[in-house]
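Residue strings, one per chain:
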Amino acid sequence: MEESAASSDLVRSGDIRATARLISMVEREDPSRLAALKALHAYVGNAHVVGITGPPGAGKSTLTDKIVSRLREQGRRVAVLAVDPSSPFTGGAILGDRIRMQRHATDDGVFIRSLATRGHLGGLSRAVSEASRVLDAAGYDFVIIETVGVGQSEVDIVRIADTVVLVSVPGLGDDIQAIKAGVMEIGDVFCVNKADKDGAERVVREIRSMLETAVLNGATTRFTPLYEARAALTRLDGGRASGGDRAPGAPSAAEGAAHHLAAAVPGHPNLEIPPVVATVAESGQGIHDLVDEILSHEASLVATGFLRSRREENLAWELGRGAAERVLSALEHDGRKESMSDLARAVLDKKIDYYDALETLERALTRS
Amino acid sequence: MERKIRVLVAKPGLDGHDRGAKVIARALRDAGMEVIYTGLRQTPEQIVSAAVQEDVDVVAMSILSGAHNHLFPRVMDLLREKGVDDVLVIGGGVIPDDDIPGLKAAGIAGVFTPGTPTTETIEFIKNNLKRGD
């Protein structure tokens, strides 16, 4: 345990090796990591966590590389967790996201770590949230999480990130892709990369139209509550400003936050949709705008108090999942796995039904 | 959880292609290892920095250009400077037999020249890891 305390001190002091090793312990779920993580808990919560997600080949790694460069120009320290899939058969993985980011390898203000999914579905690895907290405590201002190339329902990133950037590219399919539920709903900032390719403008239009339709239909969206809270804040702020406690012409905090984020729905000046930014990551085109949008989303979350409520929601979800895992491991402990196969056999043989089996397990749990 | 072997596959120097490195990366993956691939034209500084951040068990480098006598020992020096002494470092590529003893003396644990079956490299890695925690 003393070693863990030392390790947490080293992580906080910015020791790269100690940070890297603690993340390895997190990845292999080494029980001795817990002492260090507990010691770091008090220092977690300062980093802004940004998720970059989108289909394979959308250019997520190149975008991440350019976002890192831009944040470094602004003097921010940045950590990247880049997730790639493990083979479901051999357990091996090729983690190649780093190729696009190696220019930052020798920059002390950048830490890049590749993670394999190790069987986890949902676009991330199980280690991501703990690893993100380690990097947060290590003093990075931003933790950027690049998901695996996702399809339509790998949305775990919303449970971890404060700001989700959803990356699309031209040429993926017809416009029905943009109205499907799932991945397309999770963006706080939308990015259409490879905007120099044919069809990019159409993708931008389709995403805008999808978002506008959701707002006009009154659908529950991820962004509407934030925009409403921010609008209310702006009104409040405007009222106070007319009282004269602000220099004429100076933007308020809320206005600063609102400067970029969101575009009005045509014909409905009070309805807003998230920004859709066209980029060419390879050349750097549009990257300043994209980073500005990420920063104004962060500012809006902070100004409205939504950062806190989003994190609360996400933590509650993570606790639920952690509890389920503990229950499962309690049930599998001490030869109970045997009884789980016994139960499965009994269900297959029609001696009991599935729900009887569940009740048996529940009773076993309350006894333990 | 079972311990995964993490390997950094790196191409130091100015080689124009990385076919060989990709073949070995793929073979290591198929052997169940996690392979971090960093691409072409890496400096020793970039390689060592990536090895530390990725907390790898193995650094596998490949050079075709003939600069191995300079670049491989340089990587070893930088690792030592950072206090990293538990990473297995191996090298491959076009390396004359006469150069191998010198590279081994510099700390390159194994040198694999063209034609070496990938299974041999995999066995070597599994049998020579420097850490098992």
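Conventions and cut-offs
- Every residue gets a number counted from 1 within its own chain, in the order that chain's sequence is written.
- Both sets of labels track the order of writing: A upward for chains, 1 upward for ligands.
- pLDDT decides what is reported in this predicted model: residues at 70 or higher carry local features, side-chain atom pairs at 80 or more are listed and counted, and totals for whole chains, interfaces and linings draw on all residues regardless.
- Each helix is a run of H or I in the DSSP string that is no shorter than four residues. Each strand is a run of E no shorter than two, and both are numbered from the N terminus.
- Atoms counted for the radius of gyration: C-alpha only. Globule rule: 2.2 Å times the number of residues to the power 0.38.
- Backbone-placed C-beta atoms define the burial measure: a residue is buried with 20 or more other C-beta atoms within 10 Å of its own, exposed with 12 or fewer, and partly exposed in between.
- With C-beta atoms placed from the backbone, a contact is any residue pair whose C-beta atoms sit within 7 Å.
- Here, the term right-handed applies to a crossover whose path from the first strand over the helix to the second runs clockwise when the strands point away from the viewer.
- Any two strands are treated as partners once DSSP identifies two or more bridges connecting them.

**Student:** Please provide a residue-by-residue account of the overall build of chain B, values included.
**Tutor:** Helices and strands together make up the secondary structure of chain B, namely five helices and five strands. Along its sequence from the N terminus, chain B presents helices and strands in the succession β-α-β-α-β-α-β-α-β-α. Taken over the C-alpha trace, chain B has a radius of gyration of 13 Å; the compact-globule value for 133 residues is 14 Å, and the two agree within 12%. Overall, the C-alpha framework of chain B stretches about 40 × 35 × 25 Å when taken along its three principal axes. Burial status across chain B gives 46% buried among its 133 residues. Excluding contacts between residues fewer than 6 apart, the proportion of contacts in chain B whose partners are at least 24 apart in sequence is 71%.

**Student:** Please provide a residue-by-residue account of the environment of B:Ile24, values included.
**Tutor:** Residues and elements named next belong to chain B. With respect to the helices, strands and loops of the structure, isoleucine 24 is situated in helix H1 (residues 19-30). For the pair isoleucine 24 and glutamate 123, spaced 99 residues apart in sequence, the C-alpha separation works out to 13 Å. In this view, isoleucine 24 contacts Val9, Ala60, Gly92, Thr118 and Thr121; residues no more than four positions away in its chain are not counted.

**Student:** Which residues make up the pairing of strand E1 (residues 6-10) of chain B, and what values do they have?
**Tutor:** All names here are of chain B. Here E1 lies mainly inside the structure; five of its five residues are buried. Of the two faces of E1, the one lined by Arg6, Leu8 and Ala10 and the one lined by Val7 and Val9 are each fully buried. Read from E1 through H1 to strand E2 (residues 34-37), the crossover connection turns out right-handed. Pairing between E1 and strand E3 (residues 58-63): four bridges, direction parallel. Of the residues in E3, the one forming a bridge with leucine 8 is valine 59.

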